[in-house]
Amino acid sequence: EAKRLGSGTYQWFSPELDLGTQQQLTLRTQLQEAITKQQFEVFYQPIVNNVGAVVAAEALVRWKHPEQGYISPVEFIPLAERTGQIVTIGRWVLEQACRDLSQLREHGVGQVSVNFSPMQFYRDDFLSSVEQAVRAYGVKPGQLVAEITENVLLRDTTASLAMMHKLRDLGIEIALDDFGTGFASLSYLNMIPAQKLKIDRIFVQDIHINSRNAAITRGVLTMAAELGMTVVAEGVETSDERDYLNNYACDFMQGYLFCKPLPIAELIDWLNHK
Ligand code: C2E
Ligand code: MG
Ligand code: MG
Ligand code: MG
């Protein structure tokens, strides 16, 4: 078999591309070990307002592999979603983020965003685990944002909308992540009780020179404003992109231009020296 790797060598493919069954099994086993040994870490990426002040941070999980160092969520979240391991990982990330919030707040970051997989949403114990984390760490209304993608609606629209309303009742904000890249129709925007809309990086890239991206993003900004939602532009890498977004009254931005995702200690360091 052409794709078999020699023993000792290990190669990371993009999981969605071409992970052979054997490799999937290996990764799955390693992931289980990572869960048991608690090899995960939460990094935080600042979200800034239109004058560049840090108002929030997004929690982004990393797998701290003993030999390979930090492994990106892009490499293991898709598999963890298929195997259900995302439930355990996601709950841990949520707890960690809620725990870290008090430290973040001491440094002026008043809100933390956590990514949730559709699979977590459909678990019977999802709401109680969120309630528990919020209560345990004294998270107040408006301090926690649930980032979800429109794809959460595809499996059971009624159930997922009900869950979003229950989260709202707990004082948790809803942000629609990766807006414009999923498979749902625009009609869902009328239904989802989201306060925030995150424009995906693919529409932000080169916005100052890419007229098609600019048209889409301006349209989204107008629509969001009229629907009473605020917008976060993702993946802002250059000052040209930032300036363009500022000209069109984008509320919030996130991207390497401001800061990469960092371990909490490094983020606090960065905040202190900003
Ligand atoms: P996302 O939620 O859309 O997060 C934004 C991603 O864009 C992050 O990638 C972030 O590091 C990256 N990013 C931010 N600014 C820039 C930029 O200026 N340029 C570029 N090229 N990239 C930028 P990351 O950390 O690799 O996470 C990838 C995805 O993995 C996330 O996309 C999210 O869908 C998923 N993910 C991460 N942590 C979790 C988690 O705890 N639970 C779940 N369910 N998914 C997670
Ligand atoms: Mg996100
Ligand atoms: Mg996103
Ligand atoms: Mg994304």
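Treat the numbers as computed from the prediction; the structure is a model and nothing was measured. (Residues numbered from 1 in each chain as written. Chains lettered and ligands numbered in written order. Predicted model: local features only at pLDDT ≥ 70, side-chain atom pairs only at ≥ 80, totals over all residues. Heavy atoms only, no water.)

A. Region of the structure containing the coordination of the magnesium ion (ligand 3). For the magnesium ion (ligand 3), every protein donor is listed as D177 (OD), D178 (OD), E234 (OE) and E234 (OE), and the spread of their distances is 2.1 to 2.4 Å. Mapping the donors of the magnesium ion (ligand 3) onto the primary sequence yields the spacing D-D-x55-E. If you look at the magnesium ion (ligand 3) and the magnesium ion (ligand 2), they sit 4.0 Å from each other and are both ligated by D177. Of the two residues, D177 is situated in strand β6 (residues 173-179) and E234 in the loop between β8 (230-233) and α11 (239-247); the sequence distance between them amounts to 57 residues. Looking at E234, the relative accessible area reads 11%, which means it is buried. (Donors = N, O, S within 2.8 Å, 3.2 Å for Na, K, Ca; no water. Helix = DSSP H or I, 4+ residues; strand = E, 2+ residues; numbered from the N terminus. Buried < 20%, exposed > 50% of the residue type's maximum accessible area, 1.4 Å probe, protein only.)

B. Geometry of the packing of helix α6 (residues 126-136) against helix α8 (residues 157-169). At a closest axis distance of 11 Å, the pairing of α6 and α8 adopts a crossing angle of 15°. It follows that α6 is roughly parallel to α8 by the angle criterion. Crossing handedness for the pair α6 and α8: right-handed. In this structure, α6 uses F126, L127 and V130 to contact α8, whose residues at the interface are M163, K166 and L167. Classifying every residue of the contact of α6 with α8 by side-chain character gives five nonpolar, no polar and one charged. (Axes fitted to C-alpha atoms, helices over the stretch in contact; angles between N-to-C directions. Parallel < 35°, antiparallel > 145°, perpendicular 65-115°, else oblique. Left-handed = near helix turned anticlockwise from the far one by under 90°. Contact = heavy atoms within 4.5 Å. Nonpolar A, V, L, I, M, F, W, Y, C, P; charged D, E, K, R; others polar.)

C. Just the coordination of the magnesium ion (ligand 2), in detail. The coordination sphere of the magnesium ion (ligand 2) contains the protein donors E58 (OE), N115 (OD1), E147 (OE) and D177 (OD), at a distance range of 2.0 to 2.2 Å. All donors to the magnesium ion (ligand 2) come from one chain, and their sequence spacing reads E-x56-N-x31-E-x29-D.

D. Focus on the state of the cysteines. Applying the stated criterion across every chain yields a total of zero disulfides. Of all cysteine sulfurs, the one in C259 lies closest to C250, which takes part in no disulfide; the gap is 18 Å. Judged by its relative accessible area of 1%, C250 is buried. (Disulfide = S-S within 2.5 Å.)

E. Just the site of ligand 1, in detail. Surrounding ligand 1, one finds 24 residues, the nearest of these being R62, N115, D177, E237 and Y256. Here an oxygen atom of ligand 1 and a side-chain polar atom of R62 are 2.8 Å apart. Protein coverage of the free-state accessible area of ligand 1, which is 790 Å², stands at 84%. When contributions to the shell around ligand 1 are tallied by element, the ones reaching two or more residues are β2 (54-65), α3 (73-83), α4 (86-106) and β6. Considering each element in turn, the shell around ligand 1 owes the most residues, four residues, to β2. Each residue belonging to the shell around ligand 1 can be placed in one class, and the counts come to ten nonpolar, six polar and eight charged. (Near = heavy atom within 4 Å. Polar contact = N/O pair within 3.5 Å; in protein donor to acceptor, adjacent residues only side chain to side chain. Areas by Shrake-Rupley, 256 points an atom, 1.4 Å probe, with all protein chains shown as cover.)

F. How the structure looks around the side chain of Q111. Residue position: Q111 is located in strand β4 (residues 111-115). If near-sequence neighbours (up to four positions away) are discounted, Q111 is found in contact with V55, A56, A57, L101, G142, Q143, V145, E173 and K196.

G. Molecular detail of the nonpolar core. Residues F40, Y44, F121, L144, M164, L167 and L197 are the most contacted members of the largest nonpolar core, which totals 81 residues. With residues near it in sequence (within four places) discarded, F121 still touches F116, F126, I148, V152, S160, M163, M164 and L167. (Core = buried A, V, L, I, M, F, W, Y, C linked by side-chain atoms within 4.5 Å.)

Keep in mind these values describe shape, not function.
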